[in-house]
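# Close look at the chain arrangement
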Amino acid sequence: MISKTNILLFFIALFTFSACKKETSVTKQTVVDNYIYGVNGENLYQSNVEKNKQKTAEQYISILYANLFQNSVPQEDLIELAELRVSIGDKQAADELILNNFVNSGNVTIPSDSEMRADIDKFIEETYLRFFLRKPNAYETFELKKEIEDDADLTPELIYQAFALSNEYKFY
Amino acid sequence: MKRRKFIKKAALTTASTIAAPYILPAGRLFAPTGARVANHVVFMLFAGGIRQQESVDQQYLANQGLPTEGNLMLNMLEGAPPSNNLLFNLWSPVNQPLTQSGTLFKEVEYESGPTGHYNGHTVAMTGNYTATGLNLNINPEYPTVFEYYRKHSDPAKSAINAWWISEGLGPYPSLNYSRDSNYGAQYGANYLRPASLFGDAGTQLANAITYQPDDVQRINRVKDLLDKNFHNTAEDLPGIHNTPENREAIKNFILDLQDQGQNGSLEVATPGNNYNLLTGDLINISAAWQVLDEFSPELTVINSINLDVCHDNFSAYLDFLHRADYGIGWLWNKIQNHPTLANDTILICMPEHGRNLDSNNLTDQNGLRAYDHTGDTNSRRVFTLVVGPPDKVKQGQVFGMQGNPAAESIDVIPTIAHILGFYEDIPFNSLPGRVLTEAFV
């Protein structure tokens, strides 16, 4: 089982490496057929079947923050986020608003729409790795690529929110 | 693409038949199942612990050794304000006293259980006395009025129709549904603590934007695609759930509420719409009005709590009493000018409990003694005011006097059930209180 700490460390390491194309490509050379991916010794999921424990609300917010901002959530923000979440009865609505705020903060590294459309396969693979800690299978790539190609207004921001709201993202 | 926008007013339409109560074969004087007195109820839990002496008895400073009496609740009660020894500026009332538009149960008994704020709230919102004395952050034992309403209304009501809006956090967010296995979150109310949205916590939504419906559809379409390829679902978040459409409306409402607060366009319950005069209670009432204006819920419960300052500051307690009264008058005025709510809303006001007869050892800056609420007879004395249109609520009546209470704290929930037409559908023996039938035409 992958612990929360390991997941956080993985994200930090992932983005540290992904900032440098050369090192990223070296990392990917260790990948064999969507099986085990390693960054600093951390494992990725072989498939989503392994994910069967739902994240707590605190885990979800903390991991989401780390995932998007490549840093751990500051304690002050965590306290405010917790209060905000308590102050809204519909927790799904609260989480969606918090995610909305994160994605639109201007501090999240999100590919531009033109970057995404220049290499959709690459965008899909990186997004799966970023949020799901695994590579997409061929069918998943096909489906999402078709969505992107068929809808010129489907932006990376919207796709990121869909990933963060998906059932798979809420499990580990 | 994405952009913040003011959401359209989408007041929920309600279509139902108003029916007067009739005498059942069993001899009960309640409306038949489904028949309603009115389609909207606002229950103002005038909370924080309010003594009869300073509220309905209008004794002002008389119990502090100063010979000045007078009415601080000019929006709710008839009576002249104090003419001297004023501790603060009085605000002119918004309306004629609400007692002229309803029935005052001047003496109401909080019969048993600890006189704590959380317990007082649970008694008022569940219609059952409980022995819980601590401010436990758990859902109450007995079903709340929201659960009775949502489960027993026909047709069933969605959560967008029921709101619990509190001034404080602590245990209060837990009062939107109970632990009762026959009810629970699936019948709970939407909960909101507006002060958090306008405070530091609210800054965590500073960059959130309102999405257009087509962008929401795009997010959901991709989410559905992802969910289709995963074997587990994460729909079991604790708490109440809204339909996707209502959830989207609530999110937009929250962002819009914040926008209005930030740009100064939010209407607030102060004279001249002056933000500098806001108290926590008035922020809560102001935001509650926005909920009422936007969603026209059928059942709304709002509280105040600032008056609890009476533990160590009697002067501030009097001030907060006066301000909260203003907020209630302001709210009723807004309701009477709303296309859906006007003439179809009944407002019920009641403190969650009183305060002690004898003061504690603390005095404030004016040398006035403070009061706790430790369960003496005086702290079990409250009042209940039922306000509504003259064709629904009897106007100008007063019931009860000290030593001869006309009702109990647990009577409000049966009364709300009666107004909204589901009282007869609640399982027998669930609610020990009675319907305050004498208040209705």
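Cut-offs used in this document
- Residues numbered from 1 in each chain as written.
- Chains lettered and ligands numbered in written order.
- Predicted model: local features only at pLDDT ≥ 70, side-chain atom pairs only at ≥ 80, totals over all residues.
- Helix = DSSP H or I, 4+ residues; strand = E, 2+ residues; numbered from the N terminus.
- Contact = placed C-beta atoms within 7 Å.
- Rg over C-alpha atoms; globule rule 2.2 N^0.38 Å.
- Nonpolar A, V, L, I, M, F, W, Y, C, P; charged D, E, K, R; others polar.
- Axes fitted to C-alpha atoms, helices over the stretch in contact; angles between N-to-C directions.
- Parallel < 35°, antiparallel > 145°, perpendicular 65-115°, else oblique.
- pLDDT = per-residue confidence, 0-100.
- Buried ≥ 20, exposed ≤ 12 C-beta atoms within 10 Å, placed from the backbone.
- Left-handed = near helix turned anticlockwise from the far one by under 90°.
- Pairing = 2+ DSSP bridges.
- Core = buried A, V, L, I, M, F, W, Y, C linked by C-beta atoms within 7 Å.
- Expected span 1.5 Å × (residues − 1).

### A word on the overall build of chain A
- Within chain A, the secondary structure is distributed over 9 helices and 2 strands.
- Listed by position from the N terminus, the elements making up chain A come as α-α-β-β-α-α-α-α-α-α-α.
- When contacts within chain A are restricted to residue pairs at least 6 apart in sequence, those whose partners lie at least 24 apart make up 67%.

### Some details on the overall build of chain B
- The number of helices and strands found in chain B is 8 helices and 11 strands.
- The C-alpha atoms of chain B give 22 Å as radius of gyration, which agrees with the globular expectation for 441 residues (22 Å, within 12%).
- Structurally, chain B occupies a C-alpha span of about 75 × 55 × 40 Å along its principal axes.
- Taking contacts inside chain B between residues at least 6 apart in sequence as the whole, the part at least 24 apart equals 70%.

### Notes on the interface of chain A and chain B
- Listed as interface residues are 43 residues of chain A and, on the opposing side, 44 residues of chain B.
- Looking at the side of chain A that touches chain B, the elements with two or more residues in it are helix H4 (75–86), helix H5 (91–103), helix H8 (138–150) and helix H9 (156–165) of chain A.
- It is H5 of chain A that contributes the most residues to the side of chain A that touches chain B, 8 residues altogether.
- Within the side of chain A that touches chain B, the residues separate by chemical class into 16 nonpolar, 14 polar and 13 charged.

### Some thoughts on the packing of helix H6 (residues 280–295) of chain B against helix H7 (residues 314–335) of chain B
All names here are of chain B.
- Here H6 crosses H7 at 10 degrees, and the two axes come no closer than 9 Å. The orientation of H6 relative to H7 falls into the category roughly parallel. On the side of H6, the interface is formed by Asp281, Leu282, Ile285, Trp289 and Leu292, while H7 contributes Phe320, Arg323, Ala324, Gly327, Leu331, Lys334 and Ile335.
- Each residue belonging to the contact of H6 with H7 can be placed in one class, and the counts come to 8 nonpolar, 1 polar and 3 charged.

### A closer look at the confidence of the model for chain B
All names here are of chain B.
- Residues with a pLDDT of 70 or more make up 91% of chain B, whose mean pLDDT is 91.
- Considering only residues more than four positions removed or in separate chains, one finds that residues 1–29, a stretch of pLDDT under 50, has 40 contacts.
- Taken together, the chains of this predicted complex give a pTM of 0.86 and an interface ipTM of 0.90.

### Examining the confidence of the model for chain A
Residue and element names in this part refer to chain A.
- On average, chain A scores 78 in pLDDT, and the residues at 70 or more come to 76%.
- Confidence, expressed as mean pLDDT per element, reaches its minimum in chain A at helix H2 (residues 21–28) with 35 and its maximum at helix H6 (residues 113–118) with 97.
- Note on residues 1–42: pLDDT under 50 across the span, and 39 contacts to partners over four residues away in sequence or across chains.

### Some details on the environment of asparagine 137 of chain B
All names here are of chain B.
- One can find asparagine 137 in the loop between helix H1 (117–126) and helix H2 (145–152).
- Using a count of 13 C-beta atoms within 10 Å as the deciding quantity, one classes asparagine 137 as partly exposed.
- For asparagine 137, the residues in contact, after removing those within four places along its chain, are Gly170, Pro171 and Ser174.

### Here we look at the packing of helix H3 (residues 57–69) of chain A against H5 of chain A
Residue and element names in this part refer to chain A.
- The interhelical angle for the contact between H3 and H5, taken along N-to-C directions, is 15 degrees, at an axis separation of 11 Å. Between H3 and H5, the angle is such that the two are roughly parallel. Like other packed secondary-structure pairs, H3 and H5 cross with a definite hand, here right-handed. Across the interface between the two elements, Ala57, Tyr60, Ile61, Leu64, Tyr65 and Leu68 of H3 pack against Lys91, Asp95, Ile98, Leu99, Phe102 and Val103 of H5.

### Overview of unusual backbone geometry
All names here are of chain B.
- For the bond running from aspartate 154 to proline 155, omega is 5 degrees, close enough to zero to count as cis.
- Mapped onto the fold, proline 155 is located in the loop between H2 and strand E5 (162–165).
- Backbone geometry at asparagine 273 places phi at a positive 55 degrees, although glycine is not the residue there.
- Position of asparagine 273 relative to the elements: it lies in the loop between helix H5 (244–263) and H6.
- Even without a glycine there, the phi angle at asparagine 429 is positive, about 75 degrees.
- Relative to the helices and strands, asparagine 429 is located in the segment after helix H8 (412–419).

### Focus: the environment of proline 390 of chain B
- Structurally, proline 390 of chain B is set in the loop between strand E9 (381–387) and strand E10 (397–399).
- Sequence spacing of proline 390 of chain B and valine 441 of chain B is 51 residues, and the spatial spacing of their C-alpha atoms is 7.8 Å.

### Some words on the pairing of strand E4 (residues 102–109) of chain B
All names here are of chain B.
- Most of E4 sits inside the fold, with 7 of its 8 residues counted as buried.
- In this sheet, E9 lies alongside E4 in antiparallel orientation, the contact comprising 6 bridges. Looking across to E9, one finds that threonine 103 is bridged to valine 386.
- In this sheet, strand E11 (residues 407–408) lies alongside E4 in parallel orientation, the contact comprising 2 bridges. Along E11, the bridge assignment pairs glutamate 109 with glutamate 408.

### A word on the nonpolar core
All names here are of chain B.
- Counting 156 residues, the largest nonpolar core has Val41, Met44, Ile346, Ile348 and Met350 as the members making the most contacts within it.
- Here this core gets 13 residues from one element, more than from any other, and that element is H7.
- Those residues in contact with isoleucine 348, other than ones at most four positions away along the chain, are Val41, Phe43, Met44, Thr384, Val386, Val412 and Thr415.

### Here we look at the environment of phenylalanine 399 of chain B
Residues and elements named next belong to chain B.
- With respect to the helices and strands, phenylalanine 399 occurs in strand E10.
- On the basis of neighbour counts, which here come to 19 C-beta atoms within 10 Å, the residue phenylalanine 399 falls in the partly exposed class.
- Separated by 39 residues in the primary sequence, phenylalanine 399 and glutamate 438 have C-alpha atoms spaced 9.2 Å apart.
- What phenylalanine 399 contacts, discounting residues up to four positions off in sequence, is Phe105, Lys106, Ala406 and Glu438.

### A closer look at H6 of chain B
All names here are of chain B.
- Over its 16 residues, H6 runs 23 Å from end to end, which matches the ideal 22 Å to within 8%, given 1.5 Å per residue.
- With respect to burial, H6 is a largely interior element, 14 of its 16 residues being buried.
- Backbone geometry just after H6 places serine 296 at a positive phi near 45 degrees.

### Digging into H3 of chain A
- With 13 residues, H3 of chain A should cover 18 Å at 1.5 Å per step; its first-to-last C-alpha distance of 18 Å lies within 8% of that length.
- Immediately beyond the C-terminal end of H3 of chain A, within one or two residues, lies glutamine 70 of chain A, with a positive phi of roughly 60 degrees.

### Describing the pairing of strand E7 (residues 299–303) of chain B
Residue and element names in this part refer to chain B.
- Where burial is concerned, most of E7 is hidden: 5 out of the 5 residues are buried.
- Because side chains alternate across E7, one face comprises the buried residues Leu299, Val301 and Asn303, and the other comprises Thr300 and Ile302, equally buried.
- Bridging between strand E3 (residues 40–45) and E7 involves 5 bridges; their strand directions are parallel. Bridge pairing in E7 links phenylalanine 43 to valine 301.
- By the bridge criterion, 4 bridges tie E5 to E7 in an arrangement that is parallel. When the sheet's bridge partners are listed, alanine 162 is paired in E7 with leucine 299.

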